[in-house]
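Coordinate inspection notes
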Amino acid sequence: MPTAAVIGSGIAGLAAAIRLAVKGYEVEVFEANDYAGGKLSSFENTGPDGGLYRFDAGPSLFTMPHLVDELFRLAGRNPADYFEYIRLDETCRYFWDDGARLTAWADHHRFGQEIETVLGEPAEHLHAHLRDSAVKYNVTEKLFLHRSLHKAATWLNRDALRGYLNLPRLGVFGTMNGANERRFQHPKLVQLFNRYATYNGSDPYQTPATLNIIPHLEYNIGAFFPKDGMIGITRSLVRLAEDLGVRFYFNTRVTEIVTNGKKVVDIRTVPKRIGYPVDVVVSNMDVVSTFRRLLPTARQPERILRQPKSSSGLIFYWGINRQFAELGLHNIFFSNDYRAEFDCLFNQQTLSDDPTIYLNITSKHKPDDAPPGCENWFILLNAPNNTGQDWDALIAQARQNVIRKLSRNLDVDVSSLIQSESVLDPRSIEARTSSSQGALYGNSSNNRFAAFLRHANFSRQFSNLFFVGGSVHPGGGIPLCLLSAKIATELVEEIR
Ligand code: FAD
C-alpha cells in the first residue's frame with residue numbers, strides 16, 4: 001500500500017487525507033497543535049457565573065457545502081450521517097452609523113424589494129449584478145478553480161476556449177469598486193458589494209472586478225449554517241478520515257522534509273516519528289513557511305513566496321450578557337469612509353479608527369453556544385497582515401473604537417455587557433497556523449495576475465511533493481481550500 005504524509009490538519013489537509021485514503025493510500029496526518037482544523041477550530045470561555053460561551057475561532061460563513069458533501073460521497077458514505085447544515089433565509093444584516101439598516105435576504109426578490117424600499121435602488125440593478133456574478137463564476141469555475149493553472153492541459157480544452165472568448169466579461173481590466181460604481185446608484189450598495197473583496201483578504205479599490213464572482217456563492221448558491229457550528233465541518237471530516245483509516249498525530253510538528261535528488265523521501269518531526277519512508281508528501285502548511293522552514297536548502301521560488309499577502313484579522317470573542325433582537329447570525333456595521341479604511345489596511349498597514357465591524361452570533365441558531373439570555377459575539381475587524389506593528393497598542397485602540405461604534409448603533413453601553421473575552425490577532429494567527437504574516441487567505445488578489453502568482457499544487461523540484469490550503473492555488477477560504485485538495489490529489493494520481 002503506498003504511503004502519504006500530510007503536514008497539517010487544516011480543512012485542506014483533512015480533505016487531502018480523505019481523498020488519498022479513498023485512493024488507497026495509507027495516510028498519516030501530522031498536526032503541530034493539539035487540535036484539528038487549523039483556522040477552522042473552536043473553543044469555549046466561561047462567564048463569571050460559570051456559564052459557557054462557545055466560539056468558532058475562525059471562519060463563520062459557510063458556502064458551497066456540496067464540496068464537503070462530496071468527500072463523504074467519494075468515500076461511499078451518506079453525508080447526513082456525519083454532518084448537517086441548513087440554508088439561511090437571511091444572508092446578513094447591514095448597519096450604518098446614520099441609522100440606515102438593511103437585511104440581505106437569500107430570496108433575490110425580497111432582497112430587491114428591500115434595497116428599493118431602504119435605498120431607492122432599482123431591484124433590477126441587484127438582479128443584473130447577481131446574473132453577472134453567475135456568468136463570471138461559470139466561466140472561471142472549470143478553468144481556474146477545478147484545475148491546476150500550471151499544467152498545459154488546463155489551457156488546451158473547450159473550457160479554456162470559453163474562458164478566452166469570455167475574457168472581457170470577467171472584468172480583469174477594471175477594479176471591483178469601478179464595476180460596482182457603474183452598477184449601483186447608491187453608495188451604500190456599492191459599499192455592500194465592495195465588501196466581497198474582503199472574502200479573500202483583498203482591497204476592492206485594487207482587486208479586479210473578476211472578484212465580483214464572490215456574491216454568486218452567497219446569493220445564488222447560498223449561505224449555510226452547520227448545525228453544530230463551523231467546527232462541525234472539521235469534526236465530521238476528522239471522523240470520516242478516521243473511519244477510512246487515516247492516522248492523526250497531534251502535538252507533532254514537522255521540522256523538515258527530507259529530499260534525495262528530485263524526490264521527497266521522508267519527514268522529520270518533533271516528537272520524533274518512528275515510521276517508514278513516504279511515497280507522497282502533501283503540505284497543508286503555508287507554502288512560504290513550508291519552503292523557508294521545512295525545505296531551507298531547496299531552491300526557493302522567491303517570486304511566488306514574496307507576493308504581497310492578504311489582509312489578516314483582529315478578532316474579539318465576547319460573552320455578552322444580553323440578547324439583541326435586532327441582530328442576526330451575520331451582521332456588518334460599516335465604516336463611514338470605506339476607501340480610507342482600505343487605505344489604512346493596505347497602504348498604511350494599520351487599522352482605521354472607524355473600522356467596519358463584522359459581528360457573528362452563532363447562538364442565534366445554536367442557543368447552547370451561550371448561557372440563557374446571553375449571546376456569543378465574534379467580532380472581526382479586517383486588519384493588515386503582520387509586519388511588526390505595535391499590535392498591543394492597536395488592539396487597545398480598536399477595542400475602544402468597536403465598543404464606541406456598537407454602543408452607538410445598538411443604543412446601549414456594550415462594555416458593561418462583556419462577561420468573558422479572548423482576542424486573536426495577526427501575530428497569534430501566524431503563531432497558531434504558521435500562516436505567513438498572519439494572512440487569512442495566503443496572497444492578496446490585489447492585481448489581475450494574482451491567480452497566476454499563487455504557488456502550484458505540486459512541486460517543480462520534487463516529483464512527489466504537493467501543496468494544499470489557502471496559500472496555494474486556487475486560494476483561501478473553505479471552498480477553495482477544499483478544491484486545492486481535489487486538484488493536488490488528482491495530480492498525485494499522475495505520478496503513480
Ligand atoms: P490552516 O487552517 O491554515 O491550517 C494549517 C494547519 O497546519 C494548522 O493546523 C497548523 O497547526 C498546521 N501546521 C502548520 N505547520 C505545521 C508543521 N510544521 N507541522 C505540523 N502541522 C503544521 N473562510 C471562509 O470560507 N469563510 C469565512 O467566513 C472565513 N472567515 C475567516 C475568519 C478568520 C478569523 C480566519 C482566521 C479565517 C477565515 N477564513 C474564512 C479563511 C479560512 O479559515 C482559511 O482559508 C482556511 O481555513 C485555511 O485552511 P488551510 O487548509 O489552508 O489550513
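Presented here is an overview of the structure given in this document. No experiment lies behind these values; they were computed from the predicted model shown. Every residue gets a number counted from 1 within its own chain, in the order that chain's sequence is written. The predicted nature of this model means local features are confined to residues of pLDDT at least 70 and side-chain atom pairs, given and counted, to a pLDDT of 80 or more, with totals for whole chains, interfaces and linings taken over all residues. The basis for every side-chain value is the complete set of non-hydrogen atoms in the structure, without hydrogens or water.

1. A look at helix α7 (residues 176-183)
Here is the rule we go by: Throughout, exposure labels follow a simple rule: accessible area from a 1.4 Å probe, protein chains only, divided by the maximum for the residue type, with under 20% read as buried, over 50% as exposed, and the rest as partly exposed. For the purposes of this entry, the term helix denotes a DSSP run of H or I that reaches at least four residues, the term strand denotes a run of E that reaches at least two, and both are numbered from the N terminus. Should any heavy atoms of two residues lie within 4.5 Å, those residues are considered in contact.
Among all positions in α7, only M176, N177, G178, A179 and N180 are buried. Where α7 is buried, its residues meet α4 (123-145), α8 (187-194) and α13 (338-347).

2. So, the site of the ligand
Note the following rule: In this text, near means that some heavy atom of the residue lies within 4 Å of the molecule or strand in question. As used in this structure description, the phrase polar contact means that two N or O atoms lie within 3.5 Å; if the pair is within protein, one of them must be able to donate a hydrogen and the other to accept it, and residues adjacent in sequence are counted only when both atoms belong to side chains. Calculation of accessible area relied on Shrake-Rupley with a 1.4 Å probe; when residues are assessed, cover is drawn exclusively from the protein chains displayed.
Around the ligand lies a shell of 34 residues, among which E31, K39, G470, G477 and I478 are the nearest. One nitrogen or oxygen atom from the side chain of E31 is found 2.6 Å from an oxygen atom belonging to the ligand. Here an oxygen atom of the ligand sits 2.8 Å away from a polar atom, N or O, in the main chain of I478. Protein burial of the ligand: of its 1,000 Å² of free accessible surface, 95% is covered by the chains. Every element with two or more residues in the shell around the ligand is listed here: α1 (11-22), β11 (253-260), α15 (426-433) and α16 (478-494). Ranked by residue count, the leading element in the shell around the ligand is α16, at 3 residues.

3. Considering unusual backbone geometry
Here the bond from V270 into P271 is cis, since omega is -5°, no more than 30 degrees from zero. The omega torsion across H473 and P474 is 0°, close enough to zero to call that bond cis. Position of P474 relative to the elements: it lies in the loop between β19 (465-467) and α16. Despite not being glycine, N251 shows a phi value in the positive range, around 50°. Position of N251 relative to the elements: it lies in the loop between β10 (247-249) and β11. Phi at Q349 takes a positive value of approximately 55°, unusual for a residue other than glycine. Among the residues examined, Q349 registers a relative accessible area of 23% and is labelled partly exposed.

4. Some thoughts on the packing of aromatic side chains
Definition in use: The aromatic pairing rule takes the rings of Phe, Tyr and Trp, using the six-membered ring of Trp, and pairs them if the centres are within 6.5 Å, calling planes under 30 degrees apart stacked, those over 60 edge-to-face and the rest tilted.
Scanning the entire structure with this criterion turns up 29 aromatic pairs. For the pair F55 and Y317, a centre-to-centre distance of 5.6 Å together with 70° between the ring planes defines the contact as edge-to-face. In this pair, F55 is assigned in strand β4 (residues 52-56) and Y317 in strand β14 (residues 312-320), connecting sequence segments 262 residues apart. Both residues of the pair, F55 and Y317, count as buried.

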